Amino acid sequence: MKKEERNRNIIFFITIILMTIYLGWRLLFTLPFEEGALNVIFGALLILAEITTVFTTFELFFQKMRMDHYRLECPEIPGDCYPDVDVFIATHNESVDLLYKTVNACTFMSYPDKSKVHIYLCDDGNREEIKKLADDFQIGYLGFSGNKHAKSGNYNYALEHTSSPLVATFDADMIPQHTFLLKTVPYFFLKDFIKENGTWRPRREGEMDYHLKLGLIQTPQSFYNPDLFQFNLYAEGNIPNEQDFFSKEINTMRNSSNAIAYTGSNTIILRKAMEEIGGFPVQTITEDFETSIRLQKSGYITYATDEIQAAGLTTTTIKSMLMQRIRWARGIIQSLQNTHAIFTPKLPLLSRITYLNSYLYWWSFFNRLVFILSPILFALFDFQIVNTGFVEIIIFWLPAYFFYSISMRYLSSNIRNQRWSQIIDTIFMPYLIVPVVLESLHIRQKKFKVTNKKEETDYKGLHFSLFVIPHVVLLLLSAAAMVRFLNGKYGWALFYSSIIIFWIIHNMVSLLYAMFFMLGRPAYRSNERIRANEQIHIQYHKTNHEARTVDVSENGVAFKAKTPMYLPEDETIKLVISTPLYNACLIGKIAYVKEHRDGWQYSATVTPVDEANKRQYMQIIYDRSHTLPVQMDMWITAYDDILRNIQKRISQPFYDRRKQPRIMLDKLVVFTDGSSCRLLSFNYLYFSAVDFRTEKGIEEIYTFTTPAGTSLLLKRTGKYINNSEEELLEVVNIKDLVAGVLIDKILTEITDGKKYGMIPHELPPVQTPSSEIASYIGDTALGQADEIDDIIKRLQGEQVIYELTDKDTDEIDELVRRIQGDLIAFDPELLIELSKYAV
């Protein structure tokens with residue numbers, strides 16, 4: 001056993017012991033029997049909520065400690081062993097555009113013999129446009145009329161009309177990676193192959209493992225767009241998708257009790273096993289969950305992997321997310337009742353305990369309400385629901401709570417912590433209590449409602465959604481309880497009240513998160529951008545450039561180059577993206593350009609040149625692991641989250657929409673007629689200039705010849721940058737320069753041969769003023785130059801400009817202001833560089 005695993009198990013055991021002692025003390029000694037019936041009822045509800053919460057956690061501790069002993073390794077099998085596979089893509093009312101990406105990805109799945117992969121669009125809407133999509137991709141189409149038995153009826157119809165020994169199922173939005181079949185199908189041959197000395201070989205006579213009766217392989221549910229917790233709370237860079245905790249942690253832990261949940265997609269199922277259980281169950285709205293229970297009752301092993309092999313689109317509106325969770329809650333309770341999973345002798349005891357835990361989980365939302373109301377009842381309404389003193393709480397509760405918090409971190413592998421679990425439960429709490437109670441009483445919801453997966457948002461401005469009303473009421477009650485409880489207390493009275501104060505503040509933080517969540521957030525993108533570092537070739541006219549992509553989306557590409565490029569915004573450019581597997585040719589137009597510390601980033605709207613390139617481009621976008629966080633940033637506190645939400649909601653976003661790169665020059669030029677000016681910047685179309693000296697009129701053309709002999713024809717425009725002295729000079733002969741393939745040459749020539757952009761943030765050394773200048777500016781200015789020199793040497797020694805301390809930044813700001821105010825003569829390039837950081 002590894003040291004980390006041993007330490008984790010020790011923490012779990014300590015937590016179990018301390019929590020058991022705490023709950024025993026709570027049950028035996030703290031019920032307020034002398035305070036009246038109402039107090040006893042609320043006190044009993046609080047103890048019951050604590051016991052339920054702790055029991056479900058203990059079961060997860062036990063699963064975590066055992067899971068490493070129940071891991072299956074995917075074997076390596078010969079290509080001719082791979083059997084035929086039927087791939088079912090379920091659709092009800094989803095759009096063609098959504099299905100296109102899933103169908104396209106399925107056709108690109110790798111397999112030793114692609115003729116053995118049979119893809120079917122299973123359409124229970126029996127729509128002509130979906131049939132046409134199947135025909136366009138040359139895959140099977142199974143139209144099912146009437147929507148009888150919803151998704152189960154659709155899949156059962158597909159089973160009746162196909163025959164392969166293995167069946168893969170995908171939801172309409174779930175896009176598989178090309179390795180999906182290679183990473184799942186071989187599991188079904190574990191009974192036939194064995195690993196010996198690091199190499200897989202066929203089992204010999206007498207080595208066959210007939211007990212390894214595998215019925216289903218479930219890969220994690222994953223999503224390429226931020227879920228509402230990430231998006232609405234401005235946390236897409238800090239926390240993983242909310243469902244990652246179940247798919248990658250809880251479900252894989254349940255391998256140890258053979259009680260994993262089939263989640264309806266990203267799955268391979270043995271057809272023989274499905275035939276044994278009579279197909280997909282129809283008396284539930286969560287047919288996937290019930291299917292896995294029925295397979296387990298029939299003696300089949302169901303196994304969940306933790307390697308993502310497909311990603312889809314998560315819900316994007318609060319209403320659709322709430323409806324989804326209500327359906328899950330009701331459906332899981334229905335399936336547990338249908339299969340008697342908690343009590344049936346056909347399942348081992350550990351499996352039944354796991355399913356009891358699955359049921360109790362849906363009561364966690366009621367428990368959360370109890371935990372929020374308990375300190376309010378005590379502090380605001382004088383309920384005595386816990387009969388104890390401060391010392392007893394410190395002795396029994398504090399150590400147990402401390403180790404419980406540590407154990408939760410070990411449990412979730414930094415995918416989830418206790419704070420975020422409570423936040424999520426608080427958000428869902430008002431809307432799941434009633435459905436769970438009704439379904440537990442067999443008052444059922446029978447109609448299947450497909451989760452809305454359209455890219456939309458329910459944000460409609462700075463107003464609270466109606467969904468936030470319960471959270472606002474609880475927050476106001478908590479605030480009132482805090483005010484009343486603290487009134488008149490000071491000194492030791494405050495200290496002895498600290499436990500109640502802690503819980504009120506703790507609950508208020510979760511309620512604040514819920515309010516921010518329900519407030520929503522405006523969405524500006526029509527398609528999700530996915531980070532991708534791939535080679536891209538850009539061609540405009542006769543010029544060619546190489547760059548690397550930053551991110552890709554269905555209608556846009558961002559790419560980064562070390563040097564600036566002339567790519568006119570109103571003209572079409574050609575882009576070719578190449579990966580080890582795919583190549584896509586696109587046409588596009590530049591949307592904006594911005595400078596980064598290591599180069600220039602261009603964003604372009606793009607369109608594939610034809611259907612074949614569209615299919616390749618879709619794979620470049622989606623055949624990769626998503627780039628959202630897979631672990632929590634453990635350094636981010638609740639204070640950081642709340643402060644960030646407030647700042648983001650009161651600040652106005654700034655979007656840089658510069659169409660050409662602005663290249664800083666500060667170069668004195670003399671035109672052929674003797675006129676002169678100082679050029680400060682250049683963006684291919686215009687120069688900005690100051691100190692213009694000429695006898696010509698403003699409409700005249702000025703010729704500037706570079707040291708290498710290239711002529712630039714410039715025309716004064718009479719326009720100035722932001723009411724400054726910088727006048728814009730138009731490059732009149734820009735089209736001739738492009739036609740002569742001179743445009744890239746210009747950049748090198750006007751920057752005196754420097755490869756501008758290679759090291760854009762390297763500060764140049766200070767030039768010591770000459771004796772004549774020194775005598776003019778005086779000793780004070782020289783002292784300032786020395787200060788600048790010292791700071792630059794320090795910065796260059798660190799070699800990381802973006803890690804400047806606040807003190808460094810303040811010093812540079814002040815020096816720049818003094819330099820600009822005193823008009824001290826020194827190296828002008830230094831002023832420009834320093835000005836970049838004086839923000």
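Details of the structure are given in the entry above.
In this text the structure is predicted, and so the values were computed from the model without any measurement.

## A short note on the packing of aromatic side chains
- Following the criterion strictly, the structure yields 47 aromatic pairs and no others.
- A ring pair is formed by F144 and Y157, whose centres lie 5.1 Å apart and whose planes are at 35°; its orientation type is tilted. One end of the pair, F144, is in the loop between β3 (140–143) and α5 (150–160); the other, Y157, is in helix α5, with 13 residues separating them in the sequence.
- Of the residues examined, Y157 reaches a relative accessible area of 23% and is grouped as partly exposed.
- Linked through ring pairs, F229, Y361, W362, F365, F428 and F517 together constitute an aromatic cluster.
- Its guanidinium or amino end placed over the ring of F231, R521 lies 4.3 Å from that ring's centre, counting from NZ or CZ.
- Residue placement shows K696 over the ring face of Y702; its charged tip is 5.0 Å from the ring centre.

## Focus: the packing of helix α12 (residues 364–381) against helix α15 (residues 469–486)
- As a packed pair, α12 and α15 sit with axes 8 Å apart at the nearest point and diverge in direction by 35°. The chirality of how α12 crosses α15 is left-handed. Taking contact as the criterion, the partners of L369, I372, L373, I376, F378, A379 and L380 in α12 are, on α15, L474, L477, S478, A480, A481, R484 and F485.
- Class assignment of the residues belonging to the contact of α12 with α15 gives a composition of 12 nonpolar, one polar and one charged.

## Examining the pairing of strand β6 (residues 193–196)
- Alignment of β6 against strand β7 (residues 199–202), held across four bridges, turns out to be antiparallel. In the sheet register, I194 faces β7, and the bridge partner there is R201.
- Between the antiparallel neighbours β6 and β7 lie two residues, among them N197 with a positive phi of about 55°.

## Side note on the sheet that holds strand β8 (residues 214–218)
- Read from one edge of the open sheet, seven strands run β3-β2-β1-β4-β9-β8-β10, paired in mixed fashion. With one partner strand each, in any of the chains shown, β3 and β10 (301–304) form the two edges of the open sheet. Put simply, the sheet's adjacent strands are angled 20° from each other on average, direction ignored.

## Concerning a nonpolar patch on the surface
- Together, L27, L28, F29 and I51 make up a nonpolar patch on the protein surface, roughly 420 Å² of accessible area in all.
- Per-element tally for the nonpolar patch: the top contributor is helix α1 (residues 3–29), with three residues.
- Tracing the chain through its elements places L27 in helix α1.
- Here L27 falls in the partly exposed class, since its relative accessible area comes to 46%.

What counts, and where the lines are drawn
Residues numbered from 1 in each chain as written. Predicted model: local features only at pLDDT ≥ 70, side-chain atom pairs only at ≥ 80, totals over all residues. Heavy atoms only, no water. Phe/Tyr/Trp six-rings, centres within 6.5 Å; stacked < 30°, edge-to-face > 60°. Helix = DSSP H or I, 4+ residues; strand = E, 2+ residues; numbered from the N terminus. Buried < 20%, exposed > 50% of the residue type's maximum accessible area, 1.4 Å probe, protein only. Lys NZ or Arg CZ within 6 Å of the ring centre and 35° of its normal. Axes fitted to C-alpha atoms, helices over the stretch in contact; angles between N-to-C directions. Left-handed = near helix turned anticlockwise from the far one by under 90°. Contact = heavy atoms within 4.5 Å. Nonpolar A, V, L, I, M, F, W, Y, C, P; charged D, E, K, R; others polar. Pairing = 2+ DSSP bridges. Patch = residues over 30% accessible without salt bridge, like charges linked within 9 Å, V, L, I, M, F, W, Y side chains within 5 Å. Areas by Shrake-Rupley, 256 points an atom, 1.4 Å probe, with all protein chains shown as cover. Salt bridge = Lys/Arg side-chain N within 4 Å of Asp/Glu carboxyl O.

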